[in-house]
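Structural description and commentary
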Amino acid sequence: MAEHVLYYKKLCPYCVKVLRMMEKNNLDFEKRNIDTNPEYREELERVGGSAQVPCLFIDGKPMYESADIIEYLKENLVK
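Keep in mind that what you see is a predicted model, and the values were worked out from it rather than measured. (Residues numbered from 1 in each chain as written. Predicted model: local features only at pLDDT ≥ 70, side-chain atom pairs only at ≥ 80, totals over all residues. Heavy atoms only, no water.)

Description of the sheet that holds strand β4 (residues 61–64)
Spatially, the four strands line up as an open sheet ordered β2-β1-β3-β4, and their pairing is mixed. The open sheet terminates on both sides in strands that have one partner only, identified here as β2 (30–33) and β4. Looking at each pair of strands side by side, their axes are set apart by 25° on average, direction ignored. Pairing between strand β1 (residues 4–8) and β2: four bridges, direction parallel. If you follow Tyr8 over to β2, its bridge partner there is Asn33. Each of β1, β3 (55–58) and β4 touches helix α3 (residues 66–76); the most contacted strand, β4, lies at about 115° to it. (Pairing = 2+ DSSP bridges. Helix = DSSP H or I, 4+ residues; strand = E, 2+ residues; numbered from the N terminus. Axes fitted to C-alpha atoms, helices over the stretch in contact; angles between N-to-C directions. Contact = heavy atoms within 4.5 Å.)

Below, the structure written as structure tokens:
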């Protein structure tokens, strides 16, 4: 199974869409709030090339855009 890590901000409406979808479908994997931990923001910028959120890392590769993330989660993790 792929490793998943979601970078987000609590008050970002696009992040909230992804987080609600995850909650609704009982998806639980690591979430990193870039507002509360500056190391997460630095890591996101260094590895992903941008501090844009939401960003889902799938085996270390970034995926941006909430609609793309939600579609990926539906197709690959929702049972």
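Thoughts on the state of the cysteines
If you walk through the whole model with that rule in mind, you get zero disulfides. With no disulfide of its own, Cys15 lies 3.1 Å from the sulfur of Cys12, the closest cysteine sulfur. With no disulfide of its own, Cys55 lies 9.8 Å from the sulfur of Cys15, the closest cysteine sulfur. (Disulfide = S-S within 2.5 Å.)

Remarks on the nonpolar core
Counting residues in hydrophobic clusters, the biggest one holds 24 residues, and the most contacted among them are Tyr7, Phe29, Leu44, Leu56 and Leu73. In contact with Leu56, other than residues within four places in its own chain, are His4, Val5, Leu6, Phe29, Lys61, Pro62, Met63, Ile69, Tyr72 and Leu73. (Core = buried A, V, L, I, M, F, W, Y, C linked by side-chain atoms within 4.5 Å. Buried < 20%, exposed > 50% of the residue type's maximum accessible area, 1.4 Å probe, protein only.)

Remarks on the packing of helix α1 (residues 13–24) against α3
Close contact between α1 and α3 brings their axes to 9 Å; oriented N to C, the two are set at 10°. One finds that α1 runs roughly parallel with respect to α3. Residues Tyr14, Lys17, Val18, Met21 and Met22 of α1 form the contact with α3, whose own contacting residues are Ser66, Ile69, Ile70, Leu73 and Lys74. (Parallel < 35°, antiparallel > 145°, perpendicular 65-115°, else oblique.)

Topic: unusual backbone geometry
The step from Val53 to Pro54 runs through a cis peptide bond, and the omega angle for that step is 0°. For Pro54, the location among the structural elements is in the loop between α2 (38–48) and β3. A positive phi angle, near 50°, is found at Asp59, a position not held by glycine. The backbone of Glu65 sits at a positive phi, close to 80°, despite the residue not being glycine. By relative accessible area, Glu65 is classed as partly exposed at 45%.

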